[in-house]
Each structure stands twice: as C-alpha cells, then as structure tokens.
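# Examining the three-dimensional arrangement
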Amino acid sequence: MPSNQFPLGALPARFRRERVLIVGCGDVGQRAAACLPGALRVLALTSSPERRPGLRAQGITPLCGNLDQRASLQRLAGLATRVLHLAPPPGEGRDDPRTRNLLRVLQLRGTPQSLVYGSTSGVYGDCQGAVVDETHALAATTPRSQRRVDAEAAVRLFGRRASRVRSSILRIPGIYAPDREGGTPEARLRKGTPVLERADDVYTNHIHADDLARACVLALWRGQPQRIYNVNDDSAMRMGDYFDFAADLYGLPRPPRVPRSTAQGQLPLMLLSFMSESRRLDNTRMKTELRLRLRYPTVETGLLLK
C-alpha cells in the first residue's frame, strides 16, 4: 500500500503493539493481514486446527474458536484493539447468531477501538439498474441477504451502545482476482452456462480481492462511527458483457444468451437469484472517507493481469 494511503505509516511507539483480530480469515482476510505493518500483532479466529500452521507461516497468530459455540470465544474478550469480521452467517435461517455471539464476547473486559464488518451489496435487493448509494433503503429478498441485514443491525447497535467503538459496515459485491480460487469466470465459461439476453440483462458490481483487502484495513483506522461503505470498483457492466469480455480474454466461446422466461429451466437457483437483481453501486464515500485509490478500477484491468 502506498505510504500516502496507509493510515499506519509512522505510528508513535506507544501505539505499535496494537492487536488486530481477523474473524473469518480466508482469502480476503489473509490479504488484509498482508497489508498490515509488522509492528502490529495479527490474530485470527479459526475453527479448523489444521489451518493453524498455515496461518502461523504468514505471521498470524491462530486462536481456536467457533462462532457457533459462544463459550469457545471467551478468550477473545478484551484481546484486540481492532476487529475485522469477515465470517459468513450460517447457511440457513433469517438471522445471524454467529455475529451476535461474537459481539457479546467483544463487549466483555473492554471493547475494541474499531470493528469492521464485511456485509454484501445484496441487502439492497433489486434496484432495477438504478445507481445506489449507502442511504438507499434495504430490500433484501433472499434469506442469504436477510441474514446479512440482521448482522448489520447487530453491528450498528453494538457501535451505538459501546461509545468507544467505531463500527463500520462494508457492503461488498462480487469478489474476483486471478489468483483467488474461483476468482474468475473461466470455469463457468468452460461449462457453457448461459447468461440473460441483453434486453433482460442486469447490472453487476465487482471488486478485486486486493482492493477489498486494502479497504478493510483502511476502514479499521479511517472508518467513521456507525458508517456504511459500498466497496466496489468503477465498472458499470451488465452481467452478460462481463462474461463476454472474459470469454474473449481467455479465448473461449462467449456464453449463450437466453431470455429470462426460459432461464429458470436452465440455471441453478443460486445463479437465478443473482440474475434477478440489478443495481449500480456508488463508491464515492469509499473514495472520499476511506481515501482508497483503486489499483484495479475496472474488471477489465483486474482480469487482464492473469
């Protein structure tokens, strides 16, 4: 991260032992950890003992615990000065008990200075292609997005009740990166999965995993209290155009186009849910308040570096 963007470029000595806890330290969490300076102690909650050696090799201290078992989280109380929460909700239901379990523990023995929660842009629902900023009303229609709405509400309440905590919510669209598992459309293109006809097509939003990781780190220090940020690049592409570009880039056939009226019989339900929502995210607040300069301002620039 360039020195003019890194909020920790020259820390006074008394602040150099801050402890950052990453909850949900998968691909993006590990990229975020790599953005942090060595002066910080980086901790990661993991429910998989087999992941501990890999985390240690990256300079991350693993802590065993399970968000579904609140008793296993007690050691997190008062441990970290800043928390990055990237763990997903459960796979069913309409609420997120995992986030609530974490927040209850973080209230014990002193709260962190900042908490950043990685949510989803799906909480906006279908906006029929409109440009959407963070003040737009929530209209989550799928249980997956409704669980995120519940988690956001818990995070905002936590920030209001604990006056010392600056809680920030990042609303994240599709994450991609050529060096991320499943991080490009190539596998889907090879399967020949259809996309919608242009007349039925939807706008889709993206963010490169490296830019997302940098946004997470910046939000830990620059995020405003109880603030929401759309974290997306500058692309304004329809889904079919995105796959057409990727197909041309990889030298593969462009995906077939089908009308929405017949898509239900050809596509899985998860994919259909993404194709039923259209919006263009406004990232002005991310740029002005977090002061993030995108390294990959469009998906074209990010995919070209494969």
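These numbers were taken from a predicted model, which means no experiment stands behind them.

### Notes on the nonpolar core
Counting 34 residues, the largest nonpolar core has L170 and V231 as the members making the most contacts within it. Looking at this core, the elements with two or more residues in it are β1 (19–23), α1 (27–35), β2 (41–46), β7 (166–172) and α6 (209–222). The element contributing the most residues to this core is α6, with nine residues. Once you skip the residues sitting within four places of it in the chain, V231 turns out to touch L170, R171, I172, P173, I207, L212, A215 and M286. Core analysis: the next-biggest nonpolar cluster, separate from the first, contains 26 residues, V83, A151, F158 and V165 among them.

### Here we look at unusual backbone geometry
With the exception of glycine, the majority of residues adopt a negative phi angle, and the majority of peptide bonds are in the trans configuration. Unusually for a residue other than glycine, R109 sits at a positive phi of about 55°. Within the fold, R109 resides in the loop between α3 (97–106) and β5 (114–120).

### Focus on the layout of surface pockets
If you add up the space inside the largest pocket, you get close to 1,500 Å³. Among the elements of the structure, α1, β5, α4 (143–161), β8 (174–176), α5 (186–191), β10 (203–204), α7 (239–250) and α9 (269–275) are those that each provide at least two residues to the lining of the largest pocket. Across the lining of the largest pocket, the residue classes tally to 21 nonpolar, 19 polar and eight charged. Lining the second largest pocket are 15 residues, with G24, L45, T46, S47 and A87 sitting closest to its centre.

### Digging into α4
The first and last C-alpha atoms of α4 sit 27 Å apart over 19 residues, in line with the 27 Å expected at 1.5 Å per residue. Among the residues of α4, S145, Q146, R147, R148, D150, A151, E152, A154, V155, F158 and G159 are the ones counted as buried. Here the buried face of α4 lies against α3, β5 and β7.

### Notes on the pattern of salt bridges
In total, this model carries 20 salt bridges according to the counting rule given. For D150, the salt bridge identified is with R100, shortest N-O distance 2.6 Å. Taken together, the residues D150 in helix α4 and R100 in helix α3 connect sequence positions 50 residues apart. For D150, a relative accessible area of 16% corresponds to the buried category. With its nearest N and O atoms 3.9 Å apart, the salt bridge here joins R285 to E134. With a gap of 151 residues between them, R285 in helix α10 (residues 284–289) and E134 in the loop between β6 (131–132) and α4 connect regions that are remote in the sequence. Taking relative accessible area as the criterion, R285 reaches 17% and is therefore assigned buried. For E134, a relative accessible area of 9% gives the class buried. Salt bridges linked by common partners bring R198, D201, D241, D244, D248, R254 and R257 together as one network.

What counts, and where the lines are drawn
Per chain, residue numbering runs from 1 following the sequence as it is written. Whole-chain, interface and lining totals are the exception, using all residues; otherwise, since this is a predicted model, local features are given only for residues with pLDDT of at least 70 and side-chain atom pairs are given and counted only at 80 or more. Excluding hydrogens and water, the side-chain figures rest on all heavy atoms present in the structure. Side-chain atoms within 4.5 Å are what join buried Ala, Val, Leu, Ile, Met, Phe, Trp, Tyr and Cys residues into a set we call a nonpolar core. Exposure classes here rest on a 1.4 Å probe applied to the protein chains alone. A residue is buried below 20% of its type maximum, exposed above 50%, and partly exposed in between. Each helix corresponds to a stretch of at least 4 residues labelled H or I by DSSP, and each strand to a stretch of at least 2 residues labelled E; elements are numbered beginning at the N terminus. Only heavy atoms enter the contact rule, under which two residues are in contact if any of them lie within 4.5 Å. Any residue with an atom within 4 Å of a point lines the site, the site being either a cavity, points on a 1 Å grid over the protein atoms alone where a 1.4 Å probe fits but cannot get out, or a pocket, an open set with protein on both sides within 12 Å along at least 5 of 7 lines. Grid points are joined across faces, edges and corners, and a volume is the space filled by probe spheres set on the points. Think of it as three bins: nonpolar holds Ala, Val, Leu, Ile, Met, Phe, Trp, Tyr, Cys and Pro, charged holds Asp, Glu, Lys and Arg, and polar takes everything else, Gly as well. Expected helix span is taken as 1.5 Å per residue step, with the number of steps being one fewer than the number of residues. Only one rule defines a salt bridge in this text: a Lys or Arg side-chain nitrogen within 4 Å of an Asp or Glu carboxyl oxygen.

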